[in-house]
Amino acid sequence: MSETPQPPHRRAHASNRDLTRYAALFADRTQVMRSSAMRDLMAITARPEVISLAGGLPDTSTFPPQSFAAQMTRIAQESAAEALQYGPTEGFEETKDCILQVMGAEGMLPDHDDVIVTTGGQQAIDLVAKTLVDPGDVVICEAPTYPGAVPVFCSYEADVIQIECDQDGMRVGELEPLLDRLGREGRCPKFIYTVPTFQNPAGVTMSLERRQRLVELARARELLVVEDNPYGLLRFEGDRLPPLYQLDGGDFVIYVGTFSKILSPGIRLGWAVAPPPVMEKIVLGKQATDLCTSTLTQYFVREYFTEGRWQTYIEELVAIYRARRDTMVAALDEHFPAEASWTHPDGGLFVWATLPDYIDTSDLLAKALRADVAFVPGQAAYVDGRGGSSMRLNFSGVGEEEIREGVRRIGKVIAEQVELYRTLTGEHALPAREQQASAAEENVLPFRKTGEAGA
Amino acid sequence: MKVAVLKGGRSLERGVSLRSAARVEDALERLGHEVVPIDVGGDLVKRLGEGADVAFVAMHGVGGEDGTAQELLEILGIPYTGPGAAACARCMDKAQAKDAMREAGIPTPDWFAFSQAAFRELGAADALGRIEETLGFPLVVKPSRGGSSLGVKFAGSATEVPQALIAAFSYDDRILLERFVEGRELAVSVLGDEALPVVEAIPESGDRYDFEARYQIGRTRFVCPAELDEAEEGAVTEAALATYRALGCTGFARIDLILDEDGPWVLEANAIPGLTDTSLLPQAAEAAGMSFERLVERILELALKPAAA
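## Re the overall build of chain A
Part 1 of the argument: When its secondary structure is counted, chain A shows 15 helices and 14 strands.
Part 2 of the argument: Every one of the 455 residues in chain A was classed for burial, and the buried ones make up 55%.
Part 3 of the argument: Once local pairs closer than 6 in sequence are excluded, the contacts in chain A between residues at least 24 apart make up 77%.
Part 4 of the argument: Surface accessibility of chain A: about 19,200 Å² in total, with carbon and sulfur atoms responsible for 51%.

Here is the structure:
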């Protein structure tokens, strides 16, 4: 192996005294940006021999390299100077044209001026929080919620309250009493964050009825809803449901979209659509953060859309992911014990599985890693330590053979824990049908329920 | 000198190891040594074969701290830092270490160690009631081999024991149930055969069951030297040195203890304690007036001339 050249005077690593000195300088909000032994565990999932069902990665291996090369070459030949230059903070109009095409495919038609191009959907979430959240403000989201949103809300010191999900997405019915309760305390949430379609991590989709109810509620109470929709176009079956943005018309819904799951996460291109007064502030926030989104990748998207096969590519992805979803669900049926349950997503990238509540999936991950397989422990999707018996499994980032083998390995380590528990307690296995029947009765997702929303 | 820094590997504590190693590599370079960083994997022997005067083992947990890498280094005849292979193996396995402590008359909290097989095949579960009676509640359940408090759980009552056992068994096939001793949490680092100033860990969050807090700046306060009276300090240091000897450690090690009104109770010995910027051994060395470079240099000296220790 060749040595990497090192600068002549590498700075010494901090001594403990330095750290103590810095510790006094850290903003309070860094207290929530945790580093922990568990994060070290997650780092091991990157080992090459580990089958990782922990990622949230789309499969970029199917993107034709010739097409990528041709588009980038055309950019270099025809608009090198412009593509290498700064761009407008809001993003190029041509990028917005592409965004409007994508949103149009889901029945939305926003105004150009209401759209801002962001560095990935993640930045859109960050900018919305930056624009709206003061320390201590309430933000409502789903339980479980997108694990990547939690640190964003926490870094603006939001008081995050989670509402349970079931098969039909966020239990919107629980929202009203929660809002009333908060109202009595003189508090009002700054926004409600939701991934209504093929939710990350649960894989569930909010029913039309709940969508309508949520939009009505937002309108009646003048609340903002942040609709994060990275997966909407990745539908494997069933009828398309209208996005909240479409139902609302954009008065009380801030929409967040991304090219990450329909084209590439590496280009870091996402967007937000917001009512003009909110957009004005978001643009200022964006300016302070990074002036503008990458010009180069915006040029790439423009070229890519000119080619006119972006929807065909999505169809190809859908076919691949559908097969992988089927493989995963079949493997779960075969290898997970009767005590476990899981969601059956109609689209997106994730399955959410829940184990008996005596199994902590964070600890289970250590055991799974010894068997060279990884998943995301459910706790990552909660702000209050719940979700301990659940796990998120990704089926988009790895091939079918790996999915089968990965699920088999996880199933094996779970089976060992289940058997051990029975030995320790003398309890017998719960027949699978009984478990499923009781879940169906309540129409609850197989989430471990440990308390009321916001409790 | 050409120093191979062994780091990473497949252990669950890979992250900590990489942070320890980064700091050690820096220090070695500033000391004028040639550093050969080796992320330990299948090519370890080959990489070491390329030549190294000494190996600095900066690995934590199974594979690096348990004597495995050390045995290879012995076969290759490369001197290495820290305790020898046999001592590493003893320190890594808490049940074994506690056996050795008890034999040497060192106070360690009462415990029972079990393998999974004992539960699966010998009906050990039926003995749980008696164990719980002996140890009392809360009791601590730990994987026998493991570090960074991974898988360590408290059980406040009998109903919480199975779950704690299952968690601990996720990390190792052998676990121990241990009497919980409430007291001050202390760590004594030993360098050569000399005890460094005692470090006390004071949880800021107030929740002593919150192990995550231990690894975060601001959530645990470390005081070094710990405020101990002369008798306390003597007893703590003596217990640590006795443990170090009983386990056959050389080079360095860190002994973790609890101090209550009955005196010190030794919990465990870490054969390769962390060397990250928040780790306790460097803190103790700093309190003894020893810079990190000097500490690294001293550790190397001890590896090369164990007799001079």
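## What about the state of the cysteines?
Part 1 of the argument: Within this structure, the stated rule accounts for zero disulfides over all chains.
Part 2 of the argument: Between Cys292(A), a free cysteine, and Cys98(A), which holds the nearest cysteine sulfur, the sulfur-to-sulfur gap is 17 Å.
Part 3 of the argument: For Cys91(B), which is in no disulfide, the shortest distance to another cysteine sulfur is to Cys249(B) and amounts to 3.7 Å.

## Here we look at the sheet that holds strand 2 (residues 34–39) of chain B
Residue and element names in this part refer to chain B.
Part 1 of the argument: Pairing is parallel across the open sheet formed by three strands, whose spatial order is 2-1-3. Unpaired on one side and paired on the other, strand 2 and strand 3 (54–57) mark the two borders of the sheet. Each strand axis lies, on average, 25 degrees off the axis of its neighbour in the sheet, ignoring direction.
Part 2 of the argument: Relative to strand 3, strand 1 (residues 2–7) runs parallel, the two sharing four bridges. Bridge pairing in strand 3 places Val5 opposite Phe56.
Part 3 of the argument: Sheet strands touched by helix 11 (residues 292–304): strand 1 and strand 3. Its angle to strand 3, the strand with the most contacts, is close to 125 degrees.

## Considering the packing of helix 5 (residues 120–132) of chain A against helix 10 (residues 276–290) of chain A
Residues and elements named next belong to chain A.
Part 1 of the argument: As a packed pair, helix 5 and helix 10 sit with axes 9 Å apart at the nearest point and diverge in direction by 115 degrees. Here helix 5 is positioned roughly perpendicular relative to helix 10, judged by the angle of their axes. The element helix 5 and its partner helix 10 pack so that their crossing is right-handed. Each of Gln123, Leu127, Val128, Lys130 and Thr131 in helix 5 lies in contact with helix 10, whose residues at this interface are Val278, Lys281, Ile282, Gly285, Lys286, Ala288, Thr289 and Asp290.
Part 2 of the argument: Broken down by class, the residue content of the contact of helix 5 with helix 10 amounts to five nonpolar, four polar and four charged.

## Focus on helix 4 (residues 85–92) of chain B
Residues and elements named next belong to chain B.
Part 1 of the argument: Residues Ala85, Ala87, Cys88, Cys91 and Met92 constitute the buried set of helix 4. Each buried residue of helix 4 sits inside an arc of 160 degrees when the element is viewed along its axis, so together they form one side.
Part 2 of the argument: The inward-facing, buried residues of helix 4 contact helix 3 (68–76), helix 5 (94–103) and strand 13 (263–270).

## Brief notes about the nonpolar core
Part 1 of the argument: Residues Phe153(A), Phe191(A), Phe259(A), Phe336(A), Phe119(B) and Leu177(B) are the most contacted members of the largest nonpolar core, which totals 149 residues.
Part 2 of the argument: Excluding residues within four positions of it along the chain, Phe119(B) makes contact with Leu420(A), Thr423(A), Leu424(A), Phe114(B), Ala124(B), Ala125(B), Leu128(B), Leu165(B), Phe169(B) and Ile175(B).

## Structural notes on the pattern of salt bridges
Part 1 of the argument: Counting across every chain of the model gives 47 salt bridges over all chains.
Part 2 of the argument: As a salt-bridge pair, Asp372(A) and Arg10(B) come within 3.4 Å of each other at their nearest N and O atoms. Pair noted here: Asp372(A) is in the loop between helix 13 (361–370) and strand 12 (373–374) and Arg10(B) is in the loop between strand 1 and helix 1 (14–30), and the two residues belong to different chains.
Part 3 of the argument: Take Asp372(A): its relative accessible area is 15%, and that puts it in the buried class.
Part 4 of the argument: Its relative accessible area of 48% is what places Arg10(B) among the partly exposed residues.
Part 5 of the argument: Between Arg14(B) and Asp39(B) there is a salt bridge, with its nearest N and O atoms 2.6 Å apart. Placement of Arg14(B) in helix 1 and of Asp39(B) in strand 2 is noted, with a sequence separation of 25 residues between them.
Part 6 of the argument: Exposure remark for Arg14(B): the relative accessible area of 19% places this residue in the buried category.

## A closer look at the confidence of the model for chain B
Residue and element names in this part refer to chain B.
Part 1 of the argument: Within chain B, residue pLDDT values average 89, and 94% of them lie at 70 or more.
Part 2 of the argument: Helix 6 (residues 116–122) is the least confidently modelled element of chain B, averaging 82 in pLDDT, while helix 9 (residues 230–246) averages 96, the highest of any element.
Part 3 of the argument: Interface predicted TM-score (ipTM) for the complex: 0.82; the corresponding pTM is 0.85.

## Comments concerning the packing of aromatic side chains
Part 1 of the argument: A full pass over the atoms with the stated rule returns 20 aromatic pairs over all chains.
Part 2 of the argument: Ring plane angle 65 degrees and centroid distance 5.9 Å describe the contact between Tyr245(A) and Tyr255(A), whose orientation is recorded as edge-to-face. Of this pair, Tyr245(A) sits in helix 9 (residues 244–248) while Tyr255(A) sits in strand 8 (residues 253–258); the two residues are 10 residues apart in sequence, bridging distant segments of the chain. An identical accessibility class is assigned to Tyr245(A) and Tyr255(A); each is buried.
Part 3 of the argument: A centroid spacing of 5.8 Å and a plane angle of 80 degrees characterise the contact between Phe119(B) and Phe169(B), whose relative ring orientation is edge-to-face. One end of the pair, Phe119(B), is in helix 6; the other, Phe169(B), is in helix 8 (residues 161–169), with 50 residues separating them in the sequence. The residues Phe119(B) and Phe169(B) share a single accessibility class, namely buried.
Part 4 of the argument: These aromatic residues form a ring-pair network of at least three members: Phe63(A), Phe68(A), Phe259(A), Trp271(A), Phe300(A), Tyr304(A), Phe305(A), Trp310(A) and Tyr313(A).
Part 5 of the argument: When the ring centre of Phe92(A) is taken as origin, the NZ or CZ atom of Arg302(A), which lies over that ring, is 5.7 Å away.
Part 6 of the argument: Above the face of the Phe292(B) ring, Arg23(B) is positioned so that its terminal group lies 3.9 Å from the ring centre.

## Re the packing of helix 4 (residues 93–104) of chain A against helix 11 (residues 295–307) of chain A
Residue and element names in this part refer to chain A.
Part 1 of the argument: Two elements in contact, helix 4 and helix 11, have axes separated by 9 Å at closest approach and are oriented at 55 degrees. By the angle class used here, helix 4 and helix 11 are oblique. Considering how the two elements wind past one another, helix 4 and helix 11 form a crossing that is left-handed. Within the contact between the two elements, helix 4 uses Glu94, Thr95, Cys98, Gln101 and Val102 and helix 11 uses Gln298, Val301, Arg302 and Phe305.
Part 2 of the argument: Considering only residue class, the contact of helix 4 with helix 11 consists of four nonpolar, three polar and two charged.

## A closer look at the pairing of strand 7 (residues 225–228) of chain A
Residues and elements named next belong to chain A.
Part 1 of the argument: Side chains of strand 7 alternate between two faces, with Val225 and Glu227 and Val226 and Asp228 buried alike.
Part 2 of the argument: In the sheet, strand 6 (residues 191–194) pairs with strand 7 via three bridges, with the strands oriented parallel. Paired with Ile192 across the two strands is Val225, which belongs to strand 7.
Part 3 of the argument: In this fold, strand 6 hands off to helix 8 (residues 208–221), which returns the chain to strand 7; that crossover is right-handed.
Part 4 of the argument: Inspection of the sheet shows strand 7 paired to strand 8 by four bridges, in the parallel sense. Bridged to Asp228 within strand 8 is Val256.

Rules of the game
Residues numbered from 1 in each chain as written. Chains lettered and ligands numbered in written order. Predicted model: local features only at pLDDT ≥ 70, side-chain atom pairs only at ≥ 80, totals over all residues. Heavy atoms only, no water. Helix = DSSP H or I, 4+ residues; strand = E, 2+ residues; numbered from the N terminus. Buried < 20%, exposed > 50% of the residue type's maximum accessible area, 1.4 Å probe, protein only. Contact = heavy atoms within 4.5 Å. Areas by Shrake-Rupley, 256 points an atom, 1.4 Å probe, with all protein chains shown as cover. Disulfide = S-S within 2.5 Å. Pairing = 2+ DSSP bridges. Axes fitted to C-alpha atoms, helices over the stretch in contact; angles between N-to-C directions. Parallel < 35°, antiparallel > 145°, perpendicular 65-115°, else oblique. Left-handed = near helix turned anticlockwise from the far one by under 90°. Nonpolar A, V, L, I, M, F, W, Y, C, P; charged D, E, K, R; others polar. Arc of directions from axis to C-beta. Core = buried A, V, L, I, M, F, W, Y, C linked by side-chain atoms within 4.5 Å. Salt bridge = Lys/Arg side-chain N within 4 Å of Asp/Glu carboxyl O. pLDDT = per-residue confidence, 0-100. Phe/Tyr/Trp six-rings, centres within 6.5 Å; stacked < 30°, edge-to-face > 60°. Lys NZ or Arg CZ within 6 Å of the ring centre and 35° of its normal. Right-handed = clockwise from strand over helix to strand, strands pointing away.

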